[in-house]
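Structural description and commentary
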Amino acid sequence: MVTSIGLWVLSLQLNISTTQPVQLLYNDWTSQQVLSHIVANIFTELGYQTEFIEAKTEGQWFLLKAGMADVQVEVWEGTMADKYAQLMQSQVIVDLGDYSLKTREDWWYPLYVKQHCPGLPHWQALLQCAEVFARPGSQGKGVYIAGPWEKPDRARIRALQLPFVVEQVESGEALWKKLAIAHKIKQPILMFNWTPNWVGAVYPGEFVEFPDFDVRCETEPGWGVNPKFLFDCGNPKSGWLKKIVSTEFFDQHPCLAKGLRQFDMNSTTLEQLAAMVNLENFTPALVAKHWLENNQATWRKWFVACIN
Ligand code: TMO
């Protein structure tokens, strides 16, 4: 009796492990969430089971290495290039190509801030007007509001000798809340932002122009305006956005991998998808459902190898 239950449990476990759902990483900003739902819905339509693995970007690399995540639909050059390169090097992941759009992630401000800080967008303007970005407790230093994704902002502050401190918030929502409040009273604010994003359409703004990015900026202290320190440059101004999958997924699901390689969005579409969530309050799931209904021919063509 006990033995047969034991065998039954064993066979159930084996069964579960052979029909493992595809695990899609689910991060904390809108476009990534919408694209994750879109890809999950496509996989479901094609007869696969899927599940979301909620993770911060900093934790996701471990999950990929540990075989606990299969698909990441948005890897951004400005904040994730180094981790991406490490995992490619160790063959944990396979690169399924870039979207046909360019990305930028960096320090950003709404346009009215320029009245308070002549010389922007050039970064050296920040040396003169840091105090307009001061907040209670910052002791006269400017405050830069960071999200939970960036590269070492404190290292950049040190390398460029900017009189700034970093205040890090937990999520995109927290950033947009700070922006909405500052914007209402036209208070100077300097914060992290990126494109494509829905934000620019509502709050016109600009990125700070730091010295141009160069890989040597992150590897050779001698490179750049500060001969002693790394990170004396901005993030790439024309960065890539990639789709990646685990090597295991790539080997197990060649037709899905082929489809993901074709999978694409342009900048306008990505901004619109995010805006439907952040401005019109649709859920990422509903926006994705809508996209699938309206783009049947497109996604079926991308994934034709999986349709029999
Ligand atoms: C990764 N992100 C788009 C939030 O900078």
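Preceding this paragraph is the structure being described.
Residues numbered from 1 in each chain as written. Predicted model: local features only at pLDDT ≥ 70, side-chain atom pairs only at ≥ 80, totals over all residues. Heavy atoms only, no water.

Quick look at unusual backbone geometry
- In this structure, the amide linkage connecting leucine 120 to the following residue, proline 121, adopts the cis form with an omega of 15 degrees.
- Here proline 121 lies in the loop between β5 (104-110) and α5 (125-129).
- Notably, lysine 186 is not glycine yet its phi reads approximately 50 degrees, a positive angle.
- As for its placement among the helices and strands, lysine 186 is situated in the loop between α7 (172-184) and β8 (190-195).
- Lysine 186 sits in the partly exposed class, given a relative accessible area of 42%. (Helix = DSSP H or I, 4+ residues; strand = E, 2+ residues; numbered from the N terminus. Buried < 20%, exposed > 50% of the residue type's maximum accessible area, 1.4 Å probe, protein only.)

What about the sheet that holds β5?
- Strand order in the open sheet formed by five strands is β7-β6-β8-β5-β9, with mixed pairing between adjacent strands. Strands at the two margins of the open sheet, each flanked by one partner only, are β7 (164-168) and β9 (205-207). Averaged over neighbouring strand pairs, the angle between their axes works out to 40 degrees when direction is ignored.
- Bridge analysis of β5 against β8 gives five bridges, and the strand direction is antiparallel. Residue pairing in the sheet places aspartate 106 in a bridge with asparagine 193 of β8. (Pairing = 2+ DSSP bridges. Axes fitted to C-alpha atoms, helices over the stretch in contact; angles between N-to-C directions.)

Some remarks on the side chain of glutamine 33
- Checked against the element boundaries, glutamine 33 lands in helix α2 (residues 30-45).
- When residues no more than four places from it in sequence are discounted, the contact partners of glutamine 33 are Tyr26, Asn27, Asp28 and Pro284. (Contact = heavy atoms within 4.5 Å.)

A few points about the pattern of salt bridges
- Taken as a whole and judged by the stated rule, the model has 13 salt bridges.
- The partner of lysine 242 in a salt bridge is aspartate 95, with the nearest N and O atoms 2.9 Å apart. Of this pair, lysine 242 sits in strand β10 (residues 241-246) while aspartate 95 sits in strand β4 (residues 93-98); the two residues are 147 residues apart in sequence, bridging distant segments of the chain.
- Residue classification places lysine 242 among the buried positions, given a relative accessible area of 8%.
- Residues glutamate 206 and lysine 114 are paired through a salt bridge, measuring 3.1 Å at the closest nitrogen-oxygen approach. (Salt bridge = Lys/Arg side-chain N within 4 Å of Asp/Glu carboxyl O.)

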